[in-house]
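# Per-entry structural report
Residues per chain, in single letters:
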Amino acid sequence: MAVPCSQTDGLLSTTQIPLAYEDQEDEAHLSKSLNQLETILRVFGFCQHSFLSLTLSWLSFLILGIALPVVMVHFFSHCIADCKKYRIHSFEIQVLVFQCLVAAISLVCISYSLRQYGFRKFLFVDRSHGHMAQFRDEYVKKINGFFRLLAVWVIPFLFLKIVLEAVRMIYVPHNSWRQSVVILIALIASWTYSTTIYLSGCALFNLVCNFQVIHFENYGKLLERDLDISQYIEEHIRLTYYLSKISHRFRLFVILELLAVTASQVEALFQTTWNREIINFINGGDFVISSIVELVGLIICLHAAAKITHRAQGTGSVAAKWHSVVTCASDDTCQGEISRNGGSSEAANTGLLCINYSESDLETVDYVPVPTTTQLASYMSAYHKRQAFVTYLQSNPGGFTVFGWAIDRTLIVTIFFVEMSLVLFVLGKTITIYHT
């Protein structure tokens with residue numbers, strides 16, 4: 001019995017209402033996560049969309065990141081007892097300089113990109129980029145991972161910094177305990193601000209790369225759908241285009257952070273090996289904490305870049321596997337159809353160069369059925385399209401590049417050995433072994 005149109009419309013509307021409600025709920029959840037992320041970035045001065053926000057951001061950086069620690073180090077140099085063995089002035093100056101430098105690089109590069117492209121376009125979650133509704137849950141998970149990453153690294157180092165400064169205040173007393181507490185709070189606040197600025201920039205770069213990793217992981221699932229080859233190529237062109245944009249926006253950030261961290265580690269090695277004074281936890285603890293924080297931020301950046309490069313370069317192997325599976329499945333289907341038809345003359349027109357071993361054929365010779373011209377052309381056309389698609393992916397691997405250099409495992413190993421060479425060079429210039 002036919003169902004009236006009004007009833008069918010009612011059935012469709014009742015089934016669409018829960019889907020629309022879930023869609024709106026997911027959109028609200030994603031918008032809430034993005035708003036929380038934007039609020040955090042605005043608090044730390046990354047969002048400089050107006051002259052007022054720009055002024056407040058850099059004024060806060062100059063006060064909390066530069067002026068406050070400089071003043072505290074100056075006051076810290078005056079202690080009521082003999083405290084030279086518990087503090088090394090050159091160590092403190094170097095830690096302060098490189099701490100401000102890496103934080104300034106992060107603030108300048110990230111704030112410029114946010115001001116230039118906007119928050120959502122900067123993260124590539126704008127509706128104009130497409131596929132936003134498909135990956136809302138994954139976007140929310142990655143944003144929560146951004147907050148977890150900051151908490152995992154900032155909180156433990158903050159605890160170590162507090163313990164270090166508290167122990168130092170005990171061994172380096174001042175005129176009053178109130179003055180010591182004020183200096184302690186000021187140094188902790190300045191260090192937390194600069195460290196959070198630096199690690200936030202690194203974690204934000206990691207977040208942008210993770211958003212694109214979601215799309216590359218979904219690309220393998222896209223191959224399971226029976227689509228035209230041109231649609232696969234179009235999707236891959238879109239992904240590589242976004243990768244080129246990310247590379248262009250973050251290449252200066254990655255290079256400057258790499259150079260700054262390398263210079264900091266080399267200088268720290270020079271200072272610790274060339275210094276003739278006794279180095280202990282109190283006078284050398286800042287060196288250890290700052291060096292580890294800088295290395296952690298650099299590793300986060302290199303890991304994110306290598307991860308997205310690995311995913312982009314892995315699409316070629318995924319497509320090659322898909323091509324081989326589809327080709328073998330087509331051959332198996334062809335053989336199955338011929339065996340079901342019993343080797344008749346009609347079966348000869350349905351197979352594509354498939355050998356049919358029937359009982360009568362075994363008694364004489366192997367019989368190779370000849371396909372029709374249309375079937376052969378269709379089969380070979382699909383095969384050559386897939387082969388051309390695989391060749392295209394293997395010839396265009398993509399990935400995060402810095403002036404043409406793809407940041408992958410090979411480049412990271414190269415960077416490691418360059419850093420090791422610098423370490424050995426410094427040790428060779430500063431450490432001398434005397435033979436008696």
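Residues numbered from 1 in each chain as written. Predicted model: local features only at pLDDT ≥ 70, side-chain atom pairs only at ≥ 80, totals over all residues. Heavy atoms only, no water.

### Regarding the overall build of the chain
Condition: For the purposes of this entry, the term helix denotes a DSSP run of H or I that reaches at least four residues, the term strand denotes a run of E that reaches at least two, and both are numbered from the N terminus. Accessibility here uses a 1.4 Å probe with only protein chains present; expressed as a share of the type maximum, an area under 20% marks a residue as buried, one over 50% as exposed, and anything in between as partly exposed. Every residue pair with non-hydrogen atoms within 4.5 Å of one another is taken to be in contact. For the area figures, the Shrake-Rupley method with a 1.4 Å probe applies, and any residue is considered shielded solely by the protein chains shown.
On a plain count of helices and strands, the chain comes out with 12 helices and two strands. Helices and strands appear in the chain in the N-to-C order α-α-α-α-α-α-α-α-α-α-α-β-β-α. Within the chain, the fraction of its 436 residues that count as buried is 42%. Partitioning the intrachain contacts of the chain with sequence separation of at least 6 by distance along the chain shows that 81% fall at a separation of at least 24. Approximately 24000 Å² of the chain is accessible, and the part contributed by carbon and sulfur atoms is 64%.

### A look at the side chain of Thr196
Of note, Thr196 is situated in helix α6 (residues 177-222). Not counting residues up to four positions away in its chain, the partners in contact with Thr196 are Phe44 and Val154.

### Observations concerning the UniProt feature "transmembrane region" (unreviewed entry) in the chain
The condition that has to hold: UniProt positions are given in the numbering used here, feature names are shortened, and annotations may be inferred rather than shown by experiment.
Within the UniProt annotation, "transmembrane region" (unreviewed entry) is assigned to residues 58-81, 93-114, 145-164, 250-267, 287-306 and 411-434. Structurally, residues 145-164 is divided into 100% helix and 0% strand, and its ends, taken at the C-alpha atoms, are 29 Å apart. In this annotation, residues 287-306 is assigned 100% helix and 0% strand; the end-to-end C-alpha distance for the span is 28 Å.

### Some words on the confidence of the model for the chain
As a note on interpretation, predicted positions should not be read in detail where pLDDT is low. Heads up, the condition is: For every residue, the predictor reports its confidence as pLDDT, a number between 0 and 100.
Of all residues in the chain, 75% attain a pLDDT of 70 or more, and the chain-wide mean is 78. Here residues 1-15 is modelled with pLDDT under 50, and outside its nearest four sequence neighbours on either side it reaches one contact, counting other chains as well. This stretch, residues 341-368, has a pLDDT under 50; its non-local contacts, to residues over four places away or in other chains, come to 42 contacts.

### Quick look at the nonpolar core
Let me state the cut-off plainly: Each nonpolar core is a collection of buried residues, namely Ala, Val, Leu, Ile, Met, Phe, Trp, Tyr and Cys, held together in the definition by side-chain atoms within 4.5 Å.
Residues Leu123, Phe205, Phe250, Phe253, Phe389 and Phe400 are the most contacted members of the largest nonpolar core, which totals 81 residues. Sorting elements by how many residues they give to this core places α6 first, with 18 residues. With sequence-adjacent residues up to four places away left out, Leu123 is seen in contact with Leu34, Leu37, Leu204, Leu207, Val208 and Phe211.

### Describing the pattern of salt bridges
Selection rule: What makes a salt bridge here is a side-chain nitrogen of Lys or Arg within 4 Å of a carboxyl oxygen of Asp or Glu, nothing more.
In this structure the tally under the stated criterion is seven salt bridges. For the salt bridge of Arg42 with Glu38, the shortest nitrogen-to-oxygen distance reads 3.1 Å. Taken together, the residues span about one helical turn, with Arg42 and Glu38 both in helix α1 (residues 5-43) at a distance of four residues. A residue is classified by how much of its surface remains accessible, and Arg42, at 44% relative accessible area, is partly exposed. Three or more residues joined by partner-sharing salt bridges are found here, namely Lys161, Glu165, Arg168 and Asp286.

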